[in-house]
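Fold and contact review
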Amino acid sequence: NWNGELSAEEAAALDMGEKGGENDVDDEQRLEEFRREYMPDGTIKFDEPEDDEEDDDDDEKASSSGFYSFFKSLAGQKPLERKDLEPILEKVKSDLTAKNVAVDIAEKITESVLTALVGKVVGTFGTVRGTVKAAVEKSLTRILTPKRVINILPEIQAAKREGRPYVITFIGVNGVGKSTSLAKVCAYLQSKGLKVSIAACDTFRSGAVEQLRTHTKCLNARLFERGYNRDAAGVAADAIAQAKEKKDNVVLVDTAGRMQDNKPLMQALAKLVAVNRPDLVLFVGEALVGNDAVDQVTRFNQALTEYSTAKNPRVIDGMILTKFDTIDDKVGAAISLTYVTGKPIIFVGTGQTYSDLKRMNVKMLIKMLLR
């Protein structure tokens, strides 16, 4: 059990990163492999286009064969009636559910479009398209506006004024790219001029600490680790204390991947969150798993609540979706995830390099859905 103290012998035995000898060659080789994979041109640059960029072009492309093509027949000189719209909106609903939009959300969207068009005279297809787009945007914005709006950068500055680091804990099931997502967030925050340290609290999976060590070398970030088979809550507490001493702005806490029905591991996660009270708990999931992610988030929240020792248990605050570049227009699961959980998607992973991370916003989701 972790008791907050480490002898010199224990520290030496657990320090897997600073020893000389044959492992140095492996470490250097791994570092070069990571640099080739995560920063192939030797730099890290985040592109943050304006929200409205290329909207008009996208609409023109979509009008001929995409979402808006369903409404082509509506242009004319007489007011639209419900009977004109219902057959078209049934096709729209089918199109939305084919993109993994939950049925109840698809119904809300089509009802909004129906309300916007009934009684209107839409003389040109451009008018139809504009009316439909406005109705869909209004409906989805209402559906996707989370209960808590998270603005990470201002929140970090507020913590800095309080003389403490801002703590983000990353949780999720096995094999979804949690550690890589954490490294991308580290690079993103560094690009904003922030001093970031990483706490290696996955003391369960073999190789987890070494993976983070290589990421931190690539990123010139500081790693806090105590090796394996340690109490993760205690490691996180030590990391946060050291970060405060070193005047780091942010601590990113990595945790072991676990399935939502693994009681011992879920209890350990609930303890880590209860003991350390992070500012943000981010669930990392794959965009590819579709609506399974809704079940994962729900079950993780239940476990964090049930096994917590805190009076007011902390649950998931927001989400990161990985492999978002592979889902094309099937963004419905992301929409359902936000709608069902009431939690925002903060970032999406769009590739393998450190720079392949985007801030998620409602307009991005709408644009992808209406292709």
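Residues numbered from 1 in each chain as written. Predicted model: local features only at pLDDT ≥ 70, side-chain atom pairs only at ≥ 80, totals over all residues. Heavy atoms only, no water.

Let us now look at the packing of helix α6 (residues 125-144) against helix α14 (residues 362-369). Axes are the key here: two packed helices are described by the angle between their axes and the distance separating the axes. Packing of α6 against α14 leaves a shortest axis separation of 10 Å and a crossing angle of 130°. Here α6 lies oblique to α14, going by the angle between them. Considering how the two elements wind past one another, α6 and α14 form a crossing that is right-handed. Within the contact between the two elements, α6 uses Glu137, Leu140, Thr141 and Leu144 and α14 uses Val362, Leu365, Ile366 and Leu369. Across the contact of α6 with α14, the residue classes break down as 6 nonpolar, 1 polar and 1 charged. (Axes fitted to C-alpha atoms, helices over the stretch in contact; angles between N-to-C directions. Helix = DSSP H or I, 4+ residues; strand = E, 2+ residues; numbered from the N terminus. Parallel < 35°, antiparallel > 145°, perpendicular 65-115°, else oblique. Left-handed = near helix turned anticlockwise from the far one by under 90°. Contact = heavy atoms within 4.5 Å. Nonpolar A, V, L, I, M, F, W, Y, C, P; charged D, E, K, R; others polar.)

What sets the pattern is the α-helix's 3.6 residues per turn: residues three or four places apart point alike. Here helix α4 (residues 82-98) is 17 residues long and its end C-alpha atoms lie 24 Å apart, about the 24 Å a rise of 1.5 Å per residue gives. Where α4 bends most, at isoleucine 88, the angle is about 25°. All of the buried residues in α4 are Leu85, Ile88, Leu89, Val92, Lys93, Asp95 and Leu96. On the buried face of α4, the contacting elements are α5 (103-117) and α14. (Expected span 1.5 Å × (residues − 1). Bend = angle between axes of the 7 residues up to and from the residue. Buried < 20%, exposed > 50% of the residue type's maximum accessible area, 1.4 Å probe, protein only.)

With that settled, the discussion passes to the environment of leucine 369. Relative to the assigned elements, leucine 369 resides in helix α14. Sequence-wise, leucine 369 and isoleucine 335 are 34 residues apart; in three dimensions their C-alpha atoms are separated by 9.5 Å. When residues no more than four places from it in sequence are discounted, the contact partners of leucine 369 are Leu96, Lys99, Val101, Leu140, Val331 and Ile335.

What the 8 strands build is an open sheet, ordered β3-β2-β4-β1-β5-β6-β7-β8; its pairing is mixed. Looking at the sheet topology across the chains shown, the edges are occupied by β3 (222-224) and β8 (357-359). When the angles between neighbouring strand axes are averaged without regard to direction, this sheet yields 25°. Bridging between strand β6 (residues 318-322) and strand β7 (residues 345-349) involves 3 bridges; their strand directions are parallel. Bridging across to β7, isoleucine 320 finds its partner in phenylalanine 347. In this fold helix α10 (residues 232-246) packs onto β1 (166-171), β2 (196-201), β3 and β4 (250-255), with an angle of close to 145° to the strand it touches most, β3. (Pairing = 2+ DSSP bridges.)

Another aspect to go through is the pairing of β7. Successive residues of a regular strand alternate their side chains across the two faces of the sheet. Of all 5 residues in β7, 5 are buried; the element is thus mostly enclosed. What joins β6 to β7 is helix α13 (residues 332-341), and the crossover it makes is right-handed. Pairing geometry for β7 and β8, over 3 bridges, is antiparallel. In the strand pairing of β8, phenylalanine 347 is matched with arginine 359. (Right-handed = clockwise from strand over helix to strand, strands pointing away.)

In this structure, aspartate 279 sits in the loop between α11 (263-276) and β5 (280-286). Within polar-contact distance, the side chain of aspartate 279 engages the side chain of arginine 164 at 2.9 Å. A distance of 2.8 Å separates the side chain of aspartate 279 from the backbone nitrogen of valine 167, its partner in a polar contact. (Polar contact = N/O pair within 3.5 Å; in protein donor to acceptor, adjacent residues only side chain to side chain.)

Applying the stated criterion to the full structure yields 21 salt bridges. We note a salt bridge from arginine 82 to glutamate 86, for which the minimum N-O separation is 2.7 Å. Taken together, the residues span about one helical turn, with arginine 82 and glutamate 86 both in helix α4 at a distance of 4 residues. Residue arginine 82 is classed as partly exposed on the basis of its relative accessible area of 43%. A relative accessible area of 38% means that glutamate 86 is categorised as partly exposed. Among the salt bridges present, the one from arginine 213 reaches glutamate 225, with a minimum N-O distance of 2.5 Å. With arginine 213 in helix α9 (residues 208-219) and glutamate 225 in the loop between β3 and α10, this pair connects stretches of sequence that are 12 residues apart. Each of the two residues, arginine 213 as well as glutamate 225, counts as buried. The structure contains a network of salt bridges with shared partners spanning Lys78, Glu81, Lys83 and Asp84. (Salt bridge = Lys/Arg side-chain N within 4 Å of Asp/Glu carboxyl O.)

Buried residues dominate β6, accounting for 5 of its 5 residues. Judged by which residues are buried, β6 turns out to be covered on both faces: Gly318, Ile320 and Thr322 on one side and Met319 and Leu321 on the other are all buried. Where β5 and β6 come together, 5 bridges link them in parallel fashion. Bridge pairing in β6 links glutamate 286 to threonine 322.

The next subject is the nonpolar core. The biggest cluster of nonpolar side chains holds 115 residues, and the ones touching the most others in it are Phe71, Leu189, Leu252 and Phe324. Ranked by residues supplied to this core, first place goes to α6 with 8 residues. Those residues in contact with leucine 252, other than ones at most four positions away along the chain, are Ile168, Phe170, Leu182, Val185, Cys186, Leu189, Val196, Ser197, Ile198 and Ala199. (Core = buried A, V, L, I, M, F, W, Y, C linked by side-chain atoms within 4.5 Å.)

Right, let's talk about the environment of aspartate 238 for a bit. Of note, aspartate 238 is situated in helix α10. Between the C-alpha atom of aspartate 238 and that of alanine 199, which follows or precedes it by 39 residues, the distance is 8.9 Å.

Right, let's talk about unusual backbone geometry for a bit. Non-glycine residue asparagine 229 carries a positive phi angle of around 55°. With respect to the secondary-structure elements, asparagine 229 resides in the loop between β3 and α10. Of the residues examined, asparagine 229 reaches a relative accessible area of 72% and is grouped as exposed. Even without being glycine, lysine 247 reaches a positive phi, approximately 65°. Its place among the elements puts lysine 247 in the loop between α10 and β4.

Geometry only, nothing functional implied.
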